[in-house]
Every structure is written in C-alpha cells, then in structure tokens.
Amino acid sequence: MMSSCWQITFKTDGTINPDFEVFLENYFEVYAQNYDDEGNDEYIGYCSGNFDEQSMLLAAKGINLPPYSVEKLESSNWLKDYVIKFDPFEIADFMIYGIHETSTPKTDKIPLQIYAATAFGSDHQTTRSCLLAISELYHNGFVPQKILDVGTGSGILSLAAASLWPQAQITAVDIDDEAVLVTNSNATNNHLDSHIITAQSNGYQSPIVAQNTPYDLILANILARPLLEMAPHAASSLKKGGYAIFSGFVEDQENWIISEHQKHNFSLSKLYKLDNWRAALMQKE
C-alpha cells in the first residue's frame, strides 16, 4: 500500500444490496462509506497497482453496481494520505486526531484519537455539530446517566460523551459489524472502553437497546430517511425531559425531520448549521 492507487466511488440511492457490500469487502483492499453534500450514500473502494475495470465488472457479475467514477490517486502512501488521514481539529471541548499521528498534538482540550477508515468519517460537518451540541449540554449542567448512540460509526460521539460524563452508561450500536469493531478499538485506545457497551443493531432493534431503556440522551448521527423511520423508537426510548441530537440531514430536509419528531412529543431546542448539513437538539416533552 506504499504506492499510488485507484479510488472507485459508487453513488447509491440509499438502497444497498447485501451482495454489493460483500463484493466491496472481497474485491477492494479497503473500502469506506461516506456521504456527499446532498446526504446521499457513497461507497469508496481503493485498489493499489493497476486497475482493470473489466476485471472489476467480472468480479461483480450478477450484482447491479450503482453508478461509479474512477480516479487515480498519486501518493507514496495512499492508505495514510487518503483513507485514514484527516488533519487534527478542535471543536468545542475536544481535539480530534487520527491514528496516523505519531504523537498527541498539543492542546488544552480533551484529546480523542480516532481510526475511521471503514466507518463514517470523523471530520464531517454533522460530527462537528453533534460535538458542539454535546459540549453545550454539558456546560448547561445536563448530567445524563444513560446514553444511547444509534449508528455510532467510529464511536466518536460515544467517546466524547464518555469523556465529559464518566458516570454515564453508554450503549453504542450500529448496523455495520465493522463499525462496532472500530468503536471498540477506538474506545480501548482512548481508555474509555469501560464506559461503553457496543452491539450490532439495526437502529433500536437490538435487545441491548431495550434492556438499557429509558435513556437520558440519544445521539443519532445517521441520515434523513432512517431518522424519520426511527422517530417513534427514539420517542419510546427517551425519558421525558431527556434530549436527543439528530443529525445527518441537509438544509432541504430540516423541516421534514423536525416536524416528524414534533409529532412524537419532541420540541426543538437548537438547530446547528454547518455548510449544507444540519443537526437538531431536541427535548422530549
């Protein structure tokens, strides 16, 4: 992986064939899930050496591949430069940096080291907004005892919550087994694993989610469609007076998301805006 590589970006409509994910895992050396600025799913595969498009299509025989683009990345270490690298950044109470850093960058904030190659990127507008909301809740004196992180991805929001509220019991779930593994690894690396319980779960469906209800705080940085579908589950899983941070939707979807949750006894406390992305801090009435 110490040479140039090819990046193949697949644009999906939100409906993923399980066979497609198996193909990604088997064909590419590394693949990652991301989202474009309109909130659409993209899957990115990386191949070192020469790339043969016909060979890829043959390997995917029988699978209806989404539209894709191909780009050659020139780098002496493409894994570091394109897959796991993001520049350290400070947001609210936190300083986030990647596993490629040889030492902890100097900071007066809480340092959190993140590996996110195969989970949703940690340097994203929605992640930043959620971290802002978590910090503001903390500084406003909110003290949750039970926290649920739905669609945990790299686990970054769980890590941030655990660092501010060490007394809290945090349940972190994701539909992707790889994300659960990444979250466990990041929790261990940041010495926060004793505060976080993880499990594979399609939204709120895992028994561990029901076992630990009701929650004082729910973190859900996912996408608009699952947020809408899960609104009744969020309401039934949250204590009266508890807070939820819903994120992963864009400007055109904000009224849609907010009004749906208001139908389930949520009120809007604050809307966070970074570029075209939104996060809503809502309280259960």
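Residues numbered from 1 in each chain as written. Predicted model: local features only at pLDDT ≥ 70, side-chain atom pairs only at ≥ 80, totals over all residues. Heavy atoms only, no water.

**Notes on the overall build of the chain**
Here is step 1 of the chain: Along the backbone of the chain there are 9 helices and 14 strands.
Here is step 2 of the chain: Out of the 285 residues belonging to the chain, those deemed buried represent 52%.
Here is step 3 of the chain: Long-range contacts, defined here as pairs at least 24 residues apart, represent 66% of the contacts in the chain between residues at least 6 apart.
Here is step 4 of the chain: Within the structure as shown, the chain displays about 13,000 Å² of accessible surface, and the carbon and sulfur contribution to it stands at 46%. (Helix = DSSP H or I, 4+ residues; strand = E, 2+ residues; numbered from the N terminus. Buried < 20%, exposed > 50% of the residue type's maximum accessible area, 1.4 Å probe, protein only. Contact = heavy atoms within 4.5 Å. Areas by Shrake-Rupley, 256 points an atom, 1.4 Å probe, with all protein chains shown as cover.)

**Notes on the sheet that holds strand β12 (residues 238-250)**
Here is step 1 of the chain: The strand order β10-β9-β8-β11-β12-β14-β13 describes an open sheet built from 7 strands, whose pairing is mixed. Only two strands of the sheet have a single partner each, and these edge strands are β10 (196-200) and β13 (266-274). Mean inter-strand twist for the sheet, computed between neighbouring axes without regard to direction, equals 15 degrees.
Here is step 2 of the chain: Sheet topology note: the β12/strand β14 (residues 277-284) ladder contains 7 bridges and is antiparallel. Note that in β14 the partner of Y243 across the bridge is Q283.
Here is step 3 of the chain: Contacting β8 (146-150), β9 (169-174), β10 and β11 (215-221), helix α5 (residues 156-164) runs over the sheet at an angle of about 175 degrees to β9. (Pairing = 2+ DSSP bridges. Axes fitted to C-alpha atoms, helices over the stretch in contact; angles between N-to-C directions.)

**Observations regarding unusual backbone geometry**
Phi is mostly negative for residues that are not glycine, and the peptide bonds are mostly trans.
Here is step 1 of the chain: T213 connects to P214 through a cis peptide bond whose omega is -5 degrees.
Here is step 2 of the chain: Looking at where P214 falls in the secondary structure, it is placed in the loop between α7 (207-211) and β11.
Here is step 3 of the chain: Of note in this structure, A92 is not a glycine but carries a positive phi near 55 degrees.
Here is step 4 of the chain: Turning to its location among the elements, A92 is positioned in the loop between β5 (89-91) and β6 (94-98).

**Overview of the nonpolar core**
Here is step 1 of the chain: Membership of the largest hydrophobic core comes to 34 residues, with the highest contact counts inside it found for W165, L217 and I245.
Here is step 2 of the chain: With 7 residues, the single largest contributor to this core is α5.
Here is step 3 of the chain: Discounting residues that sit within four places of it in the chain, I245 has contacts with C130, A133, I134, L137, L217, I218, L219, A220, A280 and L281.
Here is step 4 of the chain: Grouped together as the second largest cluster of nonpolar side chains are 26 residues, A220, I222, F249 and I257 included. (Core = buried A, V, L, I, M, F, W, Y, C linked by side-chain atoms within 4.5 Å.)

**Here's the deal with the environment of L112**
Here is step 1 of the chain: The residue L112 is located in strand β7 (residues 110-114) in this model.
Here is step 2 of the chain: The class for L112 is buried, based on a relative accessible area of 1%.
Here is step 3 of the chain: Along the primary structure L112 and M95 are separated by 17 residues, whereas in three dimensions their C-alpha atoms are 6.2 Å apart.
Here is step 4 of the chain: With residues up to four places along the chain from it excluded, the contact list for L112 reads F94, M95, I96, Y97, L159, A160, N190 and L192.

**Points about the side chain of S135**
Here is step 1 of the chain: Relative to the helices and strands, S135 is located in helix α4 (residues 125-139).
Here is step 2 of the chain: The exposure class assigned to S135 is buried, which follows from its relative accessible area of 3%.
Here is step 3 of the chain: If we ignore the near neighbours within four places in the chain, the residues touching S135 are A92, D93, F94 and L164.

**Focus: α5**
Here is step 1 of the chain: Counting buried positions over the 9 residues of α5 gives 8, a clear majority of the element.
Here is step 2 of the chain: All of the buried residues in α5 are I156, L157, S158, L159, A160, A161, A162 and L164.

**Points about the packing of aromatic side chains**
Here is step 1 of the chain: Taken as a whole and judged by the stated rule, the model has 13 aromatic pairs.
Here is step 2 of the chain: Ring geometry for Y27 versus F28: centroids 5.1 Å apart, planes at 90 degrees, classification edge-to-face.
Here is step 3 of the chain: Ring geometry for F142 and Y243: centres 5.1 Å apart, planes at 80 degrees, overall edge-to-face. Taken together, the residues span a long stretch of sequence, with F142 in the loop between α4 and β8 and Y243 in strand β12 at a distance of 101 residues. Taken as a pair, F142 and Y243 share a single burial class, namely buried.
Here is step 4 of the chain: Grouped by ring-pair contacts, the aromatic residues F10, F20, F23, Y27, F28, Y43 and Y68 constitute a single cluster.
Here is step 5 of the chain: Geometry around F89 places R128 over its ring, the cationic atom sitting 3.9 Å from the centre. (Phe/Tyr/Trp six-rings, centres within 6.5 Å; stacked < 30°, edge-to-face > 60°. Lys NZ or Arg CZ within 6 Å of the ring centre and 35° of its normal.)

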